[in-house]
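Listed here are the chains, written in short residue letters.
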Amino acid sequence: MSDRTTIDRTRLAELAGRERRSFAERNPRSAAAYRDARHLFGRVPMTWMNKTAGGFPLYLDRARGNRVHDLDGHEYLDFALGDTGAMGGHSPAPVVEAVQRRIGELGGLTAMMPTEDAEWVGAELTRRFGMDVWSFSLTATDANRWAIRLVRAITGKPKILFHAYCYHGSVDESLIVVGPDGRGVDRPGNVGAPVPVAETSRVAEFNDLDGLERELAHGDVAAVLIEPALTNIGIVLPEPGYHAGVRELTRRYGALLIIDETHTFSAGPGGATTAWGLEPDVVVIGKAIGGGVPSGAYGLSSELADRVLGRTDLDLIDMGGVGGTLAGSPLSVAAMRATLEQVLTDAAFEHMSARSIEYTAGVQAIIDEFALPWSINRLGARAEFRFADPSPTTGTAAAAAADAELEDHLHLALANRGILLTPFHNMALMSPVTTAADVSTHVETLRAVVAELVG
Ligand code: PMP
C-alpha cells in the first residue's frame, strides 16, 4: 500500500479553511437565522442538526424531487435525501395528493379510528418483506423499541444482542460497543443511560460468527437485532455465509432475529430481507416508507404474532408499553400507501440502483486515478466511500477509519458547489428522479475537489 496517496494535512487545513470562509460568505441568511435562534436547545430544532461541516446548518427554503433550495437562494442536488427519509424524492406528487386529500377533503388527521389504507399498507409490506402481520409507529426508533418489548415478553429472556457501531435510533439497549476486553460497554457519549448497557444487551462484531456464538451461548438473549449491512458507520457488507450463520446460531440458541430495514430498504423493494433471502422473525422499517411523513412499521411472522396475542397477561391495548397515540394515524398510513403504491415501486428501485451503479463506478475511478486508500460499497440505491481499503468488515474497524477533518472538507466543498451529502456519512442516495446527468455532476465535482487536494 506504500504507493498509495497520503493526504497532506497542511494542504487539507488550508483548503478546508478556504471552504469554510466561502460557506460563510455564500450563506448569510442561514448564518443569521442560526445566530438568532436563541430559544432552541443548541440553536437547532433537533440537536443533531449541529452536525454540520460549516459551523452552522443550511436553512431549508423548499425542496422538490432531488432538488433542495436554501434560504440564501442556492439550489442543491440532494444526495442526502433526509438520510433516507426522502428516498422517494422530496414531496413526490402522489404523496402530496394523498396527504392533501386526507388533510383537506376528508379531514381527520388523528381520530383514534383505523382507516382502510392501513390494511392496504400491511398487505403491501407482506408482499415485499414476507412478514405476515404489521403494526405501525411514527419512527423506526419506536418500531424497534416495541419489537424489543414483544420479543422479551415472549421469550422471557432479558437481553438483546447488537452489532458494534450499529445504529437503530435512540434505543437504550442498542448503544453498545465491544470494549477493550471483548465485552460490551456503553457506546462513547451514551447520554443518561438508564442502566449500564451491558445489563440489557450483548454485542458482537459484524461478520464475526464466533463472537456471536460466544455471546448467544449465555442463553439470555431474547433476540438479535441487526441491520443486514451496517449503514451508519459507512456501509459494512456481510461476508458470504454470514447471514446463514446468524440465522443458524439464533435458532440453535433460541434467540429471535429482528432485521432493521430502515436504511437497507435501499437494497430493493423488499429490502435486503428479500434481496438476500433472509429469514427474520421480525422486520422493522421507518423513514422512507412514509415519503417524508412520520411513519414506521414492524412486521411479525403469524406464528410469533399468535404467541404474543395468546398471552392474556400482556397489555397490548392500554398502557403496557407498546404503542403511541398517533401511530398508524390516518395521515401516516395515507402517506405510506401513496409512497409504496406510486413512488418507491419495483420499477423505481431499478432506476435508483442503476444510478447508484453509475455513481459507484465514477467514485471508484476517482479512487483509482488518484491512488487513494479509500473504498466504496454499494447497497442498491445507496453507496458510500470510506477512507480505508480494503473496506472494513466490522463496525469497530469502520469507526477507526473515520477522518473527520477530511470528511468535513469534502462535504463543505461539495455543498459550496451545489451538492449535498448526508452529514453523518459519505453516503450518496439515489431517488426515483435522480438522473444520470445528476450523478455525473456529482462525480465530476467530487473529482475536481479531490484533484485540488491531492492532484
Ligand atoms: N434504524 C436505522 C437502521 C437507522 O439508520 C435509523 C436512523 N438513522 C433508525 C433506525 C432510527 O430512525 P428514526 O430516527 O427515524 O427513528
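Worth saying up front: this structure is predicted, and the values here are computed from it rather than measured.

1. Overview of helix α13 (residues 404–416)
Since the α-helix packs 3.6 residues into each turn, any two residues three or four apart lie on the same face.
Consideration 1: Its 13 residues place the ends of α13 18 Å apart at the C-alpha level, agreeing with the 18 Å of an ideal helix rising 1.5 Å per residue.
Consideration 2: Most of α13 sits inside the fold, with 10 of its 13 residues counted as buried.
Consideration 3: Turning to α13, its buried residues are L406, E407, H409, L410, H411, L412, A413, L414, A415 and N416.
Consideration 4: Those residues of α13 hidden inside the fold are in contact with α1 (9–26), β3 (75–78), β14 (382–386), β15 (419–420) and α14 (436–454).
Consideration 5: One or two residues past the end of α13 sits G418, with phi positive at roughly 90°.

2. What to know about the pattern of salt bridges
Consideration 1: A complete count under the given rule lists 33 salt bridges for this structure.
Consideration 2: Here D36 ties to R38 by a salt bridge, and the two come within 3.7 Å at their closest N and O atoms.
Consideration 3: For D281, the salt bridge is made with R247, and the minimal N-O distance between the two is 3.0 Å. With D281 in the loop between α8 (271–275) and β11 (282–286) and R247 in helix α7 (residues 242–252), this residue pair connects regions lying 34 residues apart in the sequence.
Consideration 4: The exposure class of D281 is buried, given its relative accessible area of 14%.
Consideration 5: A relative accessible area of 7% places R247 in the buried class.
Consideration 6: What you see here is one network of salt bridges that share partners, running through R18, E19, R417 and E452.

3. Focus: empty space enclosed by the protein
Consideration 1: Enumeration according to the criterion identifies one cavity of 30 Å³ or more in this entry.
Consideration 2: Volume-wise, the largest cavity comes out at about 40 Å³.
Consideration 3: Forming the walls of the largest cavity are I233, I235, V236, S375, I376, N377, E384, F385, R386, S391, P392 and A398.

4. Describing the layout of surface pockets
Consideration 1: Considered as a void within the structure, the second largest pocket measures approximately 1,200 Å³ in volume.
Consideration 2: Elements with a contribution of two residues or more to the lining of the second largest pocket: α4 (117–129), β4 (133–137), α5 (140–155), β12 (296–300), α9 (302–309) and α10 (330–343).
Consideration 3: Of the residues forming the lining of the second largest pocket, the biggest block, five residues, is contributed by α4.

5. With respect to α5
Consideration 1: Between the first and last C-alpha of α5 there are 22 Å, a value that for 16 residues agrees with the 22 Å anticipated at 1.5 Å per step.
Consideration 2: Every buried residue belonging to α5 is among A140, T141, A143, N144, W146, A147, I148, L150, V151 and I154, and all of these are buried.
Consideration 3: One or two residues past the end of α5 sits G156, with phi positive at roughly 70°.

6. Some words on the side chain of R386
Consideration 1: When you line up the elements, R386 lands in strand β14.
Consideration 2: Here R386 occupies a buried position and makes no salt bridge, while the nearest side chain of opposite charge, E384, is found at 4.4 Å.
Consideration 3: Reaching out from R386, the side chain makes a polar contact with the backbone oxygen of A398 at a distance of 2.7 Å.

7. Some words on a nonpolar patch on the surface
Consideration 1: A grouping of M46, W48 and F424 is seen on the molecular surface, where their side chains present a nonpolar patch of about 320 Å² in accessible area.
Consideration 2: By the element assignment, M46 lies in the loop between α2 (28–35) and β1 (60–64).
Consideration 3: Accessibility expressed as a relative area gives 40% for M46, which makes it partly exposed.

8. What to know about the sheet that holds β15
Consideration 1: Within the open sheet, the four strands sit side by side as β1-β2-β3-β15. Their pairing is mixed. Edge positions in the sheet fall to β1 and β15, since each has one partner strand and no second.

9. Re the pairing of β1
Within a regular beta strand, the side chains point alternately toward one face of the sheet and then the other, so they alternate between its two faces.
Consideration 1: Bridge count between β1 and strand β2 (residues 67–70): four bridges; the pairing is antiparallel. The residue bridging R64 from the neighbouring strand is R67, located in β2.
Consideration 2: If you look at the hairpin formed by β1 and β2, you'll find two residues sitting between the two strands, and G65 has a positive phi there, around 60°.

10. A word on the site of the ligand
Consideration 1: Near the ligand lie 13 residues; those nearest to it are T141, N232, D260, H263 and K287.
Consideration 2: Note that an oxygen atom of the ligand is positioned 3.3 Å from one of the backbone N or O atoms of A140.
Consideration 3: Measuring from a nitrogen atom of the ligand, one finds a side-chain N or O atom of K287 at 2.8 Å.
Consideration 4: Expressed as a share of its isolated accessible area of 400 Å², the protein-covered part of the ligand is 85%.

11. What about the packing of α4 against α10?
Consideration 1: At a minimum axis distance of 9 Å, the contact between α4 and α10 shows a crossing angle of 40°. Between α4 and α10, the crossing angle belongs to the class labelled oblique. Judged by the sense of rotation from one axis to the other, the crossing of α4 with α10 is left-handed. Within the contact between the two elements, α4 uses D117, A118, W120, V121, E124, L125 and R128 and α10 uses V333, A334, M336, R337, L340 and E341.
Consideration 2: Of the residues belonging to the contact of α4 with α10, the class tally is eight nonpolar, no polar and five charged.

Cut-offs applied
Residues numbered from 1 in each chain as written. Predicted model: local features only at pLDDT ≥ 70, side-chain atom pairs only at ≥ 80, totals over all residues. Heavy atoms only, no water. Helix = DSSP H or I, 4+ residues; strand = E, 2+ residues; numbered from the N terminus. Expected span 1.5 Å × (residues − 1). Buried < 20%, exposed > 50% of the residue type's maximum accessible area, 1.4 Å probe, protein only. Contact = heavy atoms within 4.5 Å. Salt bridge = Lys/Arg side-chain N within 4 Å of Asp/Glu carboxyl O. 1 Å grid on protein atoms, 1.4 Å probe; cavity = no way out; pocket = protein on both sides within 12 Å on 5 of 7 lines; lining within 4 Å. Points joined across faces, edges and corners; volume = space filled by probe spheres on them. Lys, Arg positive; Asp, Glu negative; His and termini not counted. Polar contact = N/O pair within 3.5 Å; in protein donor to acceptor, adjacent residues only side chain to side chain. Patch = residues over 30% accessible without salt bridge, like charges linked within 9 Å, V, L, I, M, F, W, Y side chains within 5 Å. Areas by Shrake-Rupley, 256 points an atom, 1.4 Å probe, with all protein chains shown as cover. Pairing = 2+ DSSP bridges. Near = heavy atom within 4 Å. Axes fitted to C-alpha atoms, helices over the stretch in contact; angles between N-to-C directions. Parallel < 35°, antiparallel > 145°, perpendicular 65-115°, else oblique. Left-handed = near helix turned anticlockwise from the far one by under 90°. Nonpolar A, V, L, I, M, F, W, Y, C, P; charged D, E, K, R; others polar.

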